[in-house]
Amino acid sequence: RLPVYSFASGATNSMRGVAYFSGLADAMVIDVGGTTTDVGQLRHGFPREANSVVKVGGVRTLFRMPDLLSIGLGGGSHVVLDPLKVGPLSVGYRLLKEGVAFGGSQLTTTDVAVASGVLDLGDKSKVAHLDRATCEKVFAEAARMAEEAIDRMKTEAGDVPLIAVGGGAFLIPDRLPGVSQVIHVEHGDCANAVGAAIAQVSGECDQIFKDMTRRDAIDAAQAIANDRAVAAGADRKTLATIDSEDMPLAYLPGNSVRVRVRVVGDVAAG
């Protein structure tokens, strides 16, 4: 009914998938694909939502979307050695044709990973001219780009766990500044599909209540959100609140308060 809400759903699915794989409900997530890297944060097992304007194709919107930062780094990113530059251009899905290790002429991060023995793909003899020092420089630059993106998305000063997923996750080293632990989950390249498969049903209430106490307003919003989730196909017994906030509105009469509650639950059997 609301297809615009599917924007950035790929990254959302990946983050839900890694929450399922890792068992962590609160962590940073870096999803490295073929062309871009998406960095976000899990809160209570769900992606943190953007609370400000999100641009889609350069257009300012206020649609509900995950709070993500995308950079031009991936498994197909172009690599220039002198001067050193990684991305943002990428061969994308043409990696098997244009990558040096596969007989092409465009050097990519995947070729560097093959040359260094990180990946067993293509023909390693075609990238034998890449020495160890060169490979280390490319990986260091990729790590620097990832580190900067993670720092921009962190909401706390201390070190946080990081889950690395996606086909290009080999670009993320086991140690990064500001990260307490880098977790490479098994089957991480399938996190997107798993996240879609385990999708739950949600219900949301975002409205203004007046002439009620704060507690009564929150309870009323909770009941509305629960009913909407059940109406959409959720099992009431499995409902859990993943987001709740209230804001007094001084410019409206009657002790008005805006309450927003979001709940999720498993799909009801039958």
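Our structure is the block above this text.
Residues numbered from 1 in each chain as written. Predicted model: local features only at pLDDT ≥ 70, side-chain atom pairs only at ≥ 80, totals over all residues. Heavy atoms only, no water.

Comments concerning unusual backbone geometry
Looking along the chain, the bond that leaves Asp82 and enters Pro83 is cis, with omega of -5°. Its location among the elements puts Pro83 in the loop between strand S7 (77-81) and strand S8 (84-90). Following Gly87, the chain continues to Pro88 via a peptide bond in cis, the omega torsion being -5°. Tracing the backbone through its elements, the reader meets Pro88 in strand S8. Notably, Asp211 is not glycine yet its phi reads approximately 55°, a positive angle. With respect to the secondary-structure elements, Asp211 resides in the loop between strand S11 (201-209) and helix H6 (214-231). (Helix = DSSP H or I, 4+ residues; strand = E, 2+ residues; numbered from the N terminus.)

So, a nonpolar patch on the surface
The grouping of Leu2, Tyr5 and Phe63 at the surface amounts to a nonpolar patch, some 280 Å² of accessible area in total. Assignment of secondary structure puts Leu2 in the segment before helix H1 (9-22). According to the relative accessible area criterion, Leu2 is partly exposed, its value standing at 48%. (Patch = residues over 30% accessible without salt bridge, like charges linked within 9 Å, V, L, I, M, F, W, Y side chains within 5 Å. Areas by Shrake-Rupley, 256 points an atom, 1.4 Å probe, with all protein chains shown as cover. Salt bridge = Lys/Arg side-chain N within 4 Å of Asp/Glu carboxyl O. Buried < 20%, exposed > 50% of the residue type's maximum accessible area, 1.4 Å probe, protein only.)

Remarks on the environment of Leu239
Here Leu239 shows up in the loop between H6 and strand S12 (240-248). Leu239 sits 39 residues away from Gln200 along the chain, and the two C-alpha atoms are 9.8 Å apart. Setting aside chain neighbours within four positions, we find Leu239 in contact with Asn226, Ala229, Val230, Ala234, Val263, Val264 and Gly265. (Contact = heavy atoms within 4.5 Å.)

Here we look at the environment of Gly104
Along the polypeptide, Gly104 turns up in the loop between helix H2 (95-98) and helix H3 (109-115). Between the alpha carbons of Gly104 and Arg94 there is a distance of 9.7 Å; along the sequence they are 10 residues apart. Those residues in contact with Gly104, other than ones at most four positions away along the chain, are Lys97, Glu98 and Gly99.

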